[in-house]
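Descriptive analysis of the structure
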Amino acid sequence: MQIILATSNKGKVKEIQSLFKDDHIIPFKDILGPLEIEENGSTFAENALIKAKTIFNKLNSNDVIVISDDSGITVPALNNEPGIYSARYAGIGANDKQNLNKLVENLKKSGLKETPAYYTAAIAIIASEAKYVMHGWMYGKVIDEPRGDGGFGYDPMFIPEGFDKTLGELDPEIKRELSHRSKALTLAKPIIEMLKNR
Ligand SMILES: O=c1nc[nH]c2c1ncn2[C@H]1C[C@H](O)[C@@H](COP(=O)(O)OP(=O)(O)OP(=O)(O)O)O1
Ligand SMILES: [Mg+2]
């Protein structure tokens, strides 16, 4: 049984592999090469399922477990932007830095130096005759002056609840314990164990 990760995001690969130290988790690119997947769902869960299903179908094997992650940041004071559009906030094909800069600009335009925000992760698992989605959230605030270069994406502007440093500045171990991704993957773990052993 192979465990395949249906993501092209290196930051996610690193975090997910570090949460599954005892398993060999293979990014799909190592088997299928690079692939663009259209994420046209209207929720994190739908998009996670689209990614996992696309890779599961391409692999065409009953002997794989495919895991995907669809995630993003939501800022209630900005009409819940960017939410499921986090990866394309500054336009289709935008990189992490451009997306972060766009969120910083929009905070400044609204005169918000800081405001509550949260990350959501939907983790989908697809295997032969099996389909699951789990969610996790991390609450905190975003600031209009990004700090640090740890993590990825919007991390330099996100301060988790109970801290005064951004995820760009904090030890990666703290994100590993608290993140939306780690919470959803904690729920995913027993399901993956069951699928490995069935
Ligand atoms: O822990 C996080 N720390 C910082 N930023 C984060 C995090 N989690 C999601 N994000 C942001 C990055 C990206 O702007 C969007 C995810 O978009 P999303 O489509 O799920 O991922 P992606 O396109 O980078 O890779 P892929 O679809 O191949 O999994 O939310
Ligand atoms: Mg994506």
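For the structure, check the block above.
Residues numbered from 1 in each chain as written. Chains lettered and ligands numbered in written order. Predicted model: local features only at pLDDT ≥ 70, side-chain atom pairs only at ≥ 80, totals over all residues. Heavy atoms only, no water.

1. Brief notes about the pattern of salt bridges
Within the structure shown, the criterion is met by 15 salt bridges. Salt-bridge contacts for E173 lead to R176; the nearest nitrogen and oxygen are separated by 3.1 Å. With E173 and R176 both in helix α5 (residues 172-178) and three residues apart, the pair spans about one turn of that helix. We classify E173 as partly exposed; its relative accessible area is 35%. Judged by its relative accessible area of 28%, R176 falls in the partly exposed class. (Salt bridge = Lys/Arg side-chain N within 4 Å of Asp/Glu carboxyl O. Helix = DSSP H or I, 4+ residues; strand = E, 2+ residues; numbered from the N terminus. Buried < 20%, exposed > 50% of the residue type's maximum accessible area, 1.4 Å probe, protein only.)

2. Details of the site of ligand 1
Around ligand 1, 20 residues are found, and the nearest of them are T7, K12, K51, D155 and K175. Here S8 contributes a backbone N or O atom positioned 2.9 Å from an oxygen atom of ligand 1. For ligand 1, an oxygen atom lies 3.4 Å from a polar atom in the backbone of A87. Breaking the shell around ligand 1 down by element, the ones donating at least two residues are β3 (64-75) and α6 (180-197). For the shell around ligand 1, the element with the highest residue contribution is β3, accounting for four residues. (Near = heavy atom within 4 Å. Polar contact = N/O pair within 3.5 Å; in protein donor to acceptor, adjacent residues only side chain to side chain.)

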